[in-house]
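Analysis of the macromolecular model
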Amino acid sequence: MRPVAWRTSLVLLHVALATVIASAAFHSRPPSLHVEHRRRTDLPSSLGDACGIEYEGAVFRPPAEWRSLILQVTIGCSWNRCTFCEMYQEKSFRAKPVEEVIAEMDRVVEVGGASYVRDVFLADGDAMTLPTGMLVRILDAINDRFPRVRRISSYCLPRNVRGKSVDALSKLKSRGLSHVYVGCESGSDTVLEAVEKGETYETSLSALAKLKDAGIKRSVMILVGLGGREHSYEHACLSASLCSEARPDYLSLLTTSFPRGKGRVEAGYRKLDQDTASSFEELSARESLKEMKVFLEACNIPGGKTIFRSDHASNYFVLKGRLGRDKERLLAELQTVLDGDESKIRQQRGL
């Protein structure tokens, strides 16, 4: 066999191994905090690794994108001020030249990986901040090179949509961008201001409505515990109100965690009330579940079309169902856990 053929065969073996490894990891443990860390090992950990794509820093993606080809079309996050988020602190934001992104796609094709590409995730933090024209070029290149692709997705900040018309978003949808993950985090303007999200209830709702009008599926993320003890009830109720109005296709609850400490979050809350030494107190496991219960009780999304999940590794209890149809069952399951011992609740967390 010729050397090129040998190299291609080896890459295809690595692609298959990467798929098996990712599948085993996905099914054997809770997904990590929306992250796929680049680890230098002898075996590839993703489709992109197997095909020789060189990623810049840690690559973060939703758990559902575990089998996707990840393309870094931006580096970092264009906002990167949220006090609760530590994902892109070591990166300075920049848009990757389209030519570099296309060259990485060509690399996948060259080594024989194109037939394995069914889903594509556009990284880093908010690829949707790119101008529509750049996104169109990237999407067209994806469709030209990967004929079996069935879904293209991305993270999306509400502000990313503000400068794009429904027609522009529809153009992206027509080229395969069918799903975006929107980190709304909260429906409370007080909480959003404290954590420096740079959004409000209304800006989030407007962005979600525009995406819906363009036919792009919306997966909304809300952070349990982001309001601390003082703002817990407000955070839960207004987040439920936002989701009830927006009626997203998917809705996920994640629990706020502080692997590097709460300093930045506490400082943000102190700005709201200079007379308070610290107005942020982290919720206990039981308090987090109680907040989740308040959220679900206040959520009014009829029809059973919104798929609900709290299966992230940060959560203390896994719930799965469709809001509207399964609401009472979800609340009953949650109450059963709340009636139990707190130490057992803490043991269920994947982080």
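Whatever comes next refers back to the structure up there.
In this report, the structure presented in the accompanying data block is examined. Computed from a predicted structure; not experimentally measured.

1. What to know about helix H4 (residues 132-145)
- The end-to-end C-alpha distance of H4 is 20 Å, a good match for the 20 Å that 14 residues give at a rise of 1.5 Å each.
- Looking at the buried residues of H4, the elements they touch are strand E1 (69-72), helix H3 (98-110), strand E4 (119-123), strand E5 (151-156), helix H6 (166-174) and strand E6 (177-185).

2. Some details on the packing of helix H11 (residues 285-298) against helix H12 (residues 327-338)
- With their axes 10 Å apart at the nearest point, H11 and H12 run at an angle of 160° to one another. With respect to their mutual orientation, H11 and H12 come out roughly antiparallel. Crossing of H11 against H12: the hand is left-handed. Listed contacts from H12 to Arg286, Leu289, Lys290, Met292, Lys293, Leu296 and Glu297 of H11 are Lys327, Leu330, Leu331, Leu334, Gln335, Val337 and Leu338.
- Looking at the contact of H11 with H12, its residues break down into eight nonpolar, one polar and five charged.

3. So, empty space enclosed by the protein
- One pass over the structure, following the stated rule, counts two cavities of 30 Å³ or more.
- Classifying every residue of the lining of the largest cavity by side-chain character gives four nonpolar, four polar and two charged.
- Reported here for the second largest cavity is a volume of approximately 50 Å³.
- Taken together, Ile222, Leu223, Val224, His235, Ala236, Ser239, Leu253, Glu291, Met292 and Phe295 make up the lining of the second largest cavity.
- When residues of the lining of the second largest cavity are traced back to their parent elements, those giving at least two are strand E7 (217-224), helix H9 (232-246) and H11.

4. Quick word on helix H8 (residues 201-213)
- Between its first and last C-alpha atoms H8 spans 18 Å; for 13 residues at 1.5 Å apiece the expected length is 18 Å, and the two agree.
- Residues of H8 that are buried: Tyr201, Ser204, Leu205, Ala207, Leu208 and Leu211. Burial along H8 is one-sided: seen end-on, the buried residues are contained in an arc of 165°. The exposed set on the far side of H8, more than 90 degrees from its buried face, consists of Glu202 and Asp213.
- Tucked inside the fold, the buried residues of H8 contact helix H5 (158-162), H6, E6, helix H7 (189-194), E7 and H9.
- Taken from the residues just after H8, Gly215 is the one with a positive phi, measuring 85°.

5. Observations concerning the pairing of E7
- Most of E7 sits inside the fold, with seven of its eight residues counted as buried.
- Where E7 and strand E8 (residues 250-255) come together, six bridges link them in parallel fashion. Within E8, the position partnered with Met221 by the bridge is Ser252.
- In this view, the connection linking E7 to its parallel neighbour E8 by way of H9 has right-handed handedness.

6. Examining the packing of H8 against H9
- The interhelical angle for the contact between H8 and H9, taken along N-to-C directions, is 25°, at an axis separation of 10 Å. Relative to H9, the element H8 is oriented roughly parallel. Crossing hand, H8 versus H9: right-handed. On the side of H8, the interface is formed by Tyr201, Ser204, Leu205 and Leu208, while H9 contributes Leu238, Ser241, Leu242, Glu245 and Ala246.
- Its residues assigned to classes, the contact of H8 with H9 shows six nonpolar, two polar and one charged.

7. What to know about the sheet that holds strand E10 (residues 320-322)
- Pairing within the open sheet is mixed, and its eight strands lie in the order E1-E4-E5-E6-E7-E8-E9-E10. Looking along the sheet, the strands with just one partner apiece sit at the ends: E1 and E10. Recorded for the sheet is a direction-independent mean angle of 20° between the axes of neighbouring strands.
- Two elements, E5 and E6, share five bridges in a ladder whose sense is parallel. By the bridge assignment for E6, Tyr155 is matched with Tyr181.
- Here H8 sits on the sheet and contacts E6 and E7; the angle it forms with E6, its principal contact strand, is near 170°.

What counts and how
Every chain begins its residue count from 1, and numbering advances along the sequence as written. Only residues with pLDDT of at least 70 are given local features in this predicted model, and only at 80 or more are side-chain atom pairs given and counted; all residues enter the totals for whole chains, interfaces and linings. Computation of side-chain values: all heavy atoms of the structure, hydrogens and water removed. A helix here means a DSSP run of H or I that spans at least four residues, while a strand means a run of E at least two residues long, and both kinds are numbered starting from the N terminus. A helix is expected to span 1.5 Å for every residue after the first. Contacts were defined at the residue level, with two residues in contact if any of their heavy atoms lie within 4.5 Å. Inter-axis angles, ranging from 0 to 180 degrees, are taken between N-to-C directions of lines fitted to C-alpha atoms, where helices are fitted over the stretch in contact. When an angle is under 35 degrees it counts as roughly parallel; over 145 it counts as roughly antiparallel; between 65 and 115 it counts as roughly perpendicular; any other value is oblique. Crossing handedness is defined as follows: a turn of the near helix away from the far one that is anticlockwise and smaller than a right angle gives a left-handed crossing, while the clockwise case is right-handed. We call Asp, Glu, Lys and Arg charged. Ala, Val, Leu, Ile, Met, Phe, Trp, Tyr, Cys and Pro are nonpolar, and the rest, Gly among them, are polar. Definitions used for this entry: grid spacing 1 Å over protein atoms alone; cavity, a set of points where a 1.4 Å probe fits but cannot get out; pocket, an open set with protein on both sides within 12 Å along at least 5 of 7 lines; lining residue, one with an atom within 4 Å of a point. Grid points are joined across faces, edges and corners, and a volume is the space filled by probe spheres set on the points. Working definition: with a 1.4 Å probe on protein chains only, accessible area under 20% of the residue-type maximum means buried, over 50% means exposed, and in between means partly exposed. Starting at the helix axis, one direction is taken to each C-beta atom, and the arc is that of these directions. Whether two strands pair depends on DSSP finding at least two bridges between them. With the strands pointing away from the viewer, any crossover whose connection runs clockwise from the first strand over the helix to the second is right-handed.

Worth remembering: the numbers are spatial, not functional.
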